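This is what each chain is made of:
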Amino acid sequence: MKFAREFGFQCFVFVVLICLLLVGWDLSRPIINTETAIRAEDVVECIVYPFTNTEDDNSGEFDEISAPEFHFFTNIVIPITIYILCAGGMIYLLIENLRLLKVCSYQSAPGRFLWIVWLIVLGAAVLLPVIFGAQLIMKGVILAVIATVIFLLILGIITRLSHLK
């Protein structure tokens, strides 16, 4: 009974990670579906766009600014964070199952075979966030650099706040 409960929990975590991965993929589709690589100007325009209003000095009216096709935070930062979390969760499941496979040496041959198949499925599932993240990053290196800097800044802030007493 304990084995069935553990396996059910791992399947639940696996399904949640796959669903989270699909949410990240859906969020990053506007970037992935663009035909050309994203330029640095597009990223800067996307970051700056919500904070700017251009005013024509002669007419006193506001010029209309065309909105970029993507949003930096929702289409780049959140999906990359989701891909990192999914890859980490899948690697955790894989390591935990490898440890359990070594501990449970008393299993029958079919049980051991099914467990090895499950490990292969988990190993293949680890590659999914890597592939989706690579697709997103390959659209423009500047996206990866800016998103990584923002992610590291957020992690630094969280780390500093956690060490304060």
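Scroll up for the structure.
Just so it is clear, the model here is predicted, and its values are computed rather than measured.

Further remarks concern the nonpolar core. Core analysis: the biggest nonpolar cluster contains 25 residues, and Phe14, Met90 and Trp115 have the highest contact counts within it. At the level of secondary structure, the elements contributing two or more residues to this core comprise helix 1 (2-32), helix 3 (72-103) and helix 4 (109-138). Looking at which element gives the most residues to this core, the answer is helix 3, with 11 residues. If we skip the residues at most four places from it in the chain, phenylalanine 14 touches Met90, Leu93, Trp118, Val121, Leu122 and Ala125.

Glancing now at helix 4. For helix 4, built from 30 residues, the straight-helix expectation of 44 Å at 1.5 Å per residue is met to within 8% by its first-to-last C-alpha distance of 43 Å. Residues of helix 4 that are buried: Trp115, Trp118, Leu119, Leu122, Ala125, Val126, Pro129, Phe132, Gly133 and Leu136.

This part is about the environment of serine 162. Mapping serine 162 onto the fold places it in helix 5 (residues 141-163). Within polar-contact distance, the side chain of serine 162 engages the backbone oxygen of threonine 159 at 2.7 Å.

A cluster of nonpolar side chains, Phe113, Leu114, Val117 and Val121, forms an exposed patch at the surface whose accessible area comes to about 370 Å². As for its placement among the helices and strands, valine 121 is situated in helix 4.

This part is about the pattern of salt bridges. Applying the stated criterion across every chain, the model contains 2 salt bridges. Of the charged contacts in the structure, one is a salt bridge between arginine 29 and aspartate 26, with a shortest N-O distance of 3.5 Å. Of the two residues, arginine 29 and aspartate 26 both sit in helix 1, 3 residues apart, roughly one turn of that helix. According to the relative accessible area criterion, aspartate 26 is partly exposed, its value standing at 45%. With a shortest N-O distance of 2.3 Å, arginine 99 and glutamate 96 are connected by a salt bridge. Separated by 3 residues within a single helix, arginine 99 and glutamate 96 lie in helix 3, roughly one turn from each other.

Take the state of the cysteines next. Taken as a whole, this structure holds 0 disulfides when the rule is applied. Of all cysteine sulfurs in the structure, the one in cysteine 86 sits closest to cysteine 19, which takes part in no disulfide; the separation is 9.6 Å. Owing to a relative accessible area of 43%, cysteine 19 belongs among the partly exposed residues under this scheme. In this structure cysteine 86 comes out as buried when scored by relative accessible area, which is 0%.

As a further point, take the packing of helix 3 against helix 4. Running from N to C, helix 3 and helix 4 point in directions that differ by 160°, and their axes come no closer than 9 Å. When the interaxial angle is binned, helix 3 and helix 4 end up roughly antiparallel. Note that helix 3 runs across helix 4; the crossing there is left-handed. Of the residues contributing to the contact of helix 3 with helix 4, the split by class is 23 nonpolar, 4 polar and 1 charged.

Relative to the helices and strands, serine 28 resides in helix 1. Taking the relative accessible area as the measure of exposure, serine 28 reaches 0% and is therefore buried. Among the polar contacts made by the side chain of serine 28, one reaches the side chain of tyrosine 83 at a distance of 2.9 Å. Those residues in contact with serine 28 that sit more than four places away from it in its chain are Asn75, Pro79, Tyr83 and Leu136.

Tallying each qualifying case throughout the model produces 4 aromatic pairs. Ring geometry for phenylalanine 14 and tryptophan 118: centres 5.4 Å apart, planes at 65°, overall edge-to-face. On the criterion of sequence distance, the pair formed by phenylalanine 14 in helix 1 and tryptophan 118 in helix 4 is long-range, its members being 104 residues apart. Judged by relative accessible area, phenylalanine 14 falls into the buried class, the value being 15%. An aromatic cluster is built from Phe7, Phe14 and Trp118, whose rings are joined through pairwise contacts. A cation over an aromatic ring shows up here: arginine 29 above the ring of tryptophan 25, its NZ or CZ 5.2 Å from the ring centre.

Conventions we followed
- For every chain, the first residue of the written sequence is number 1, and numbering continues from 1 along that sequence.
- Totals for whole chains, interfaces and linings use all residues, but because this is a predicted model, local features are given only for residues with pLDDT of at least 70 and pairs of side-chain atoms are given and counted only at 80 or more.
- To obtain the side-chain values, all non-hydrogen atoms of the structure were used and water was disregarded.
- Side-chain atoms within 4.5 Å link the members of a nonpolar core, which is a set of buried Ala, Val, Leu, Ile, Met, Phe, Trp, Tyr and Cys residues.
- Any residue under 20% of the maximum accessible area for its type is buried, any over 50% is exposed, and the rest in between are partly exposed; the area is computed with a 1.4 Å probe on protein chains only.
- By the criteria applied, helices consist of DSSP H or I runs no shorter than four residues and strands consist of E runs no shorter than two, each listed in order from the N terminus.
- Two residues form a contact once any of their heavy atoms are found within 4.5 Å.
- Given the number of residues in a helix, its expected span is that number minus one, multiplied by 1.5 Å.
- Two N or O atoms count as a polar contact when they lie within 3.5 Å, although within protein this holds only if one can serve as hydrogen donor and the other as acceptor, and sequence-adjacent residues are included solely when both atoms are side-chain atoms.
- Patch membership is restricted to residues that have no salt bridge and whose relative accessible area is over 30%. Joining uses 9 Å for like charges and 5 Å for the nonpolar side chains Val, Leu, Ile, Met, Phe, Trp and Tyr.
- Using a 1.4 Å probe, accessible areas were evaluated by the Shrake-Rupley method; residue-level cover was limited to the displayed protein chains.
- A pairing counts as a salt bridge when a side-chain nitrogen of Lys or Arg comes within 4 Å of a carboxyl oxygen of Asp or Glu.
- Our working definition of a disulfide is a cysteine sulfur pair at a distance within 2.5 Å.
- Only the stretch in contact is used when a helix axis is fitted, and all axes are lines through C-alpha atoms; the angle between N-to-C directions ranges over 0 to 180 degrees.
- Each angle is binned into one of four classes, with values under 35 degrees roughly parallel, values over 145 roughly antiparallel, values of 65 to 115 roughly perpendicular, and all other values oblique.
- Handedness of a crossing follows from how the near helix is turned relative to the far one, being left-handed for an anticlockwise turn of less than a right angle and right-handed for a clockwise one.
- Only Asp, Glu, Lys and Arg are considered charged, only Ala, Val, Leu, Ile, Met, Phe, Trp, Tyr, Cys and Pro nonpolar, and every remaining residue, Gly among them, polar.
- By convention, a stacked pair of Phe, Tyr or Trp rings (six-membered ring in the case of Trp) has centres within 6.5 Å and planes under 30 degrees apart, an edge-to-face pair has planes over 60 apart, and any other such pair is tilted.
- A ring is considered to have a charge above it if a Lys NZ or an Arg CZ atom is located within 6 Å of its centre and within 35 degrees of its normal.

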